[in-house]
Amino acid sequence: MLRIPIIDSHTEGEPTRVVLASRGGFPDLGAGTVAERARVFRERFDHLRSAIVNEPRGHDAIVGALLLPPANPRAVAAVIFFNNVGLLNACGHGTIGLAATLAHLNQITPGSHLVETPVGEVTIQLSPSGDISIENVPSYRHAHAVPVEFAFEGARHRVTGDIAWGGNWFFLVNNHGQELAIPNIDRLTAYTWSIRRALTHAGITGKDNGEIDHIELFGPPSRADCDSKNFVLCPGKAYDRSPCGTGTSAKMACLHADGKLAPGQEWRQESIIGSRFTGRLRLDSMPGRIIPTISGRAFITAESTLVLDDSDPFKHGIRP
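Since the model is a prediction, treat every value here as computed from it, not as a measurement. All residue numbers refer to position in the chain's written sequence, counted from 1. The predicted origin of the model limits local features to residues at a pLDDT of at least 70 and limits the giving and counting of side-chain atom pairs to 80 or more, whereas totals for whole chains, interfaces and linings rest on all residues. By convention in this description, side-chain values take in all heavy atoms of the structure and omit both hydrogens and water.

Asker: Hey, could you run me through the nonpolar core in this one?
Answerer: In a soluble, globular protein the nonpolar side chains are often hidden away together inside. Membership of the largest hydrophobic core comes to 62 residues, with the highest contact counts inside it found for Phe171 and Ile195. Grouped together as the second largest cluster of nonpolar side chains are 23 residues, Ala38, Phe45, Val53 and Ile62 included. Only buried Ala, Val, Leu, Ile, Met, Phe, Trp, Tyr and Cys residues count toward a nonpolar core, and they belong to the same one when joined by side-chain atoms within 4.5 Å. Relative accessibility thresholds used throughout: buried, under 20% of the residue-type maximum; exposed, over 50%; partly exposed, between the two (1.4 Å probe, protein chains only).

Asker: Looking at this structure, how should I read the pattern of salt bridges?
Answerer: Side chains bearing opposite charge may pair, as long as their charged atoms lie close to each other. Throughout this description, the term salt bridge denotes a Lys or Arg side-chain nitrogen within 4 Å of a carboxyl oxygen of Asp or Glu. The tally for this structure, following the rule as stated, stands at 14 salt bridges. A salt bridge links aspartate 46 to arginine 49; the nearest nitrogen and oxygen atoms lie 2.6 Å apart. Pair noted here: aspartate 46 and arginine 49 are both in helix α2 (residues 46–53), with a separation of 3 residues, about one helical turn. For aspartate 46, a relative accessible area of 23% puts it in the partly exposed group. By the criteria applied, helices consist of DSSP H or I runs no shorter than four residues and strands consist of E runs no shorter than two, each listed in order from the N terminus.

Asker: Where do I start with helix α1 (residues 34–44) in this structure?
Answerer: Given 3.6 residues to a turn, an α-helix orients residues that are three or four positions apart in the same direction. By the burial criterion, the buried members of α1 are Val34, Arg37, Ala38 and Phe41. In a view along the axis of α1, the buried residues occupy a sector of 105°, so they form one face of it. Exposed residues on α1 whose side chains face more than 90 degrees from its buried face are Glu43 and Arg44. Whether two residues touch is decided by their heavy atoms; if any such pair falls within 4.5 Å, the residues are in contact. Buried residues in α1 make contact with α2, β3 (63–68), β4 (75–82), β5 (87–88) and β6 (111–117). Taken from the helix axis, the directions to the C-beta atoms give the arc we talk about.

Asker: What is the right way to read the side chain of asparagine 136 from this model?
Answerer: Looking at the element boundaries, asparagine 136 is found in the loop between β8 (132–135) and β9 (140–152). Asparagine 136 sits in the buried class, given a relative accessible area of 7%. Definition of a polar contact: a pair of N or O atoms within 3.5 Å, with one able to donate and the other able to accept a hydrogen when the atoms are protein atoms, and with sequence-neighbouring residues admitted only if both atoms are side-chain atoms. Of note is the side chain of asparagine 136, whose polar atom sits 3.0 Å from the side chain of serine 249. Discounting residues that sit within four places of it in the chain, asparagine 136 has contacts with Val122, Gly166, Thr246, Ser249, Ile291 and Pro292.

Asker: Could you clarify how one ought to interpret unusual backbone geometry in this entry?
Answerer: If a residue is not glycine, its phi is most likely negative; likewise, a peptide bond is most likely trans. Omega for the peptide link from glutamate 55 to proline 56 comes to 10°, which places this bond in the cis form. Phi angles above zero are rare outside glycine, and glutamate 153 is one such case at about 55°. Relative to the helices and strands, glutamate 153 is located in the loop between β9 and β10 (155–165). Owing to a relative accessible area of 58%, glutamate 153 belongs among the exposed residues under this scheme.

Asker: Which parts of the structure should I look at to understand helix α5 (residues 245–257)?
Answerer: For α5, which comprises 13 residues, the first-to-last C-alpha distance of 18 Å matches the rise-based estimate of 18 Å (1.5 Å per residue) to within 8%. Judged by how many residues are buried, α5 sits mostly within the fold: 11 of 13 residues are covered. Among the residues of α5, those classed as buried are Gly245, Thr246, Gly247, Thr248, Ser249, Ala250, Lys251, Met252, Ala253, Cys254 and Leu255. A positive phi of about 75° marks glycine 259, the residue just after α5. An expected span of 1.5 Å times one less than the residue number is assigned to each helix.

Asker: Mind showing me how you'd approach the pairing of strand β15 (residues 276–283) here?
Answerer: The side chains of a regular strand alternate between both faces of the sheet. In this description, strands pair whenever DSSP reports at least two bridges between them. Pairing analysis gives 4 bridges linking strand β14 (residues 267–270) to β15, with the strands arranged antiparallel. Looking at β15, one finds that arginine 268 is bridged to threonine 278. With antiparallel pairing between neighbouring strands as the criterion, β14 and β15 make up a hairpin whose turn holds 5 residues, including glycine 274 at a positive phi of roughly 100°. For β15 and strand β16 (residues 290–296), the ladder comprises 6 bridges, and the chain directions are antiparallel. Looking at the pairing, arginine 282 lines up with isoleucine 291 of β16. Count of turn residues in the β15/β16 antiparallel hairpin: 6 residues, of which glycine 288 carries a positive phi of about 85°.

In structure tokens:
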């Protein structure tokens, strides 16, 4: 019987499940970089990924965060993010959730702290009030106004979107004709899934053939204190309850490329459920790239231990 200690939180509505690897219950991934340890996780222990976030212990919206010792002595932690279908390159809301968890464990105090991810180092800023900001990896627009045709509800549709990197690859669409509202979530899910499948079929990718596994729709905000509202479809076909940290980073990269967002200027992104991230950017040393900062709130929701009973036919989760 395997026992895996976890702490659950939500960031602006989107859940994060931090796995406390140092407390036992999770195999040793070796002493390499976090990217190398992520590869070991993917190749040898995918059954544990499924056990942690899939039903019956989890659900499609949960993002797992495997908390590991860092390779860089200046970092407070290393983390590998994963969801219901595999590992994630990065996760903005999950990093904010991780920061709240580290504070809950008294492992960090208010101030600036470095965290290692498979795609680079990010900085978390914890305020005395508990508000959290993350400085994300360099983000940029890879392609502008890319057309894609797809079938939806028995008809052919065509949209154009930007391809951008914010820690994950996104296809960002403004002119889609869909209503971004909670009662419309099933339709939005089907619509964005159709776009994603069409991108794959057409061979449309990010840089170096990076898979575009996030689709992001934008529309007018419902909140007076926001600039935009979004709907984000994640790789496992679940929608993001938060405004999506990597997606907001990608959006700000596109806005800056269009001359619509200056360094230091706020971008206030509303999620499909009405929560909010506040974003700002500074210029990266590499032309055409920005360094985004995303601010939001996270709240601890549970401390528990997952139990994997050898006699349980679903001990490794119900896989999609």
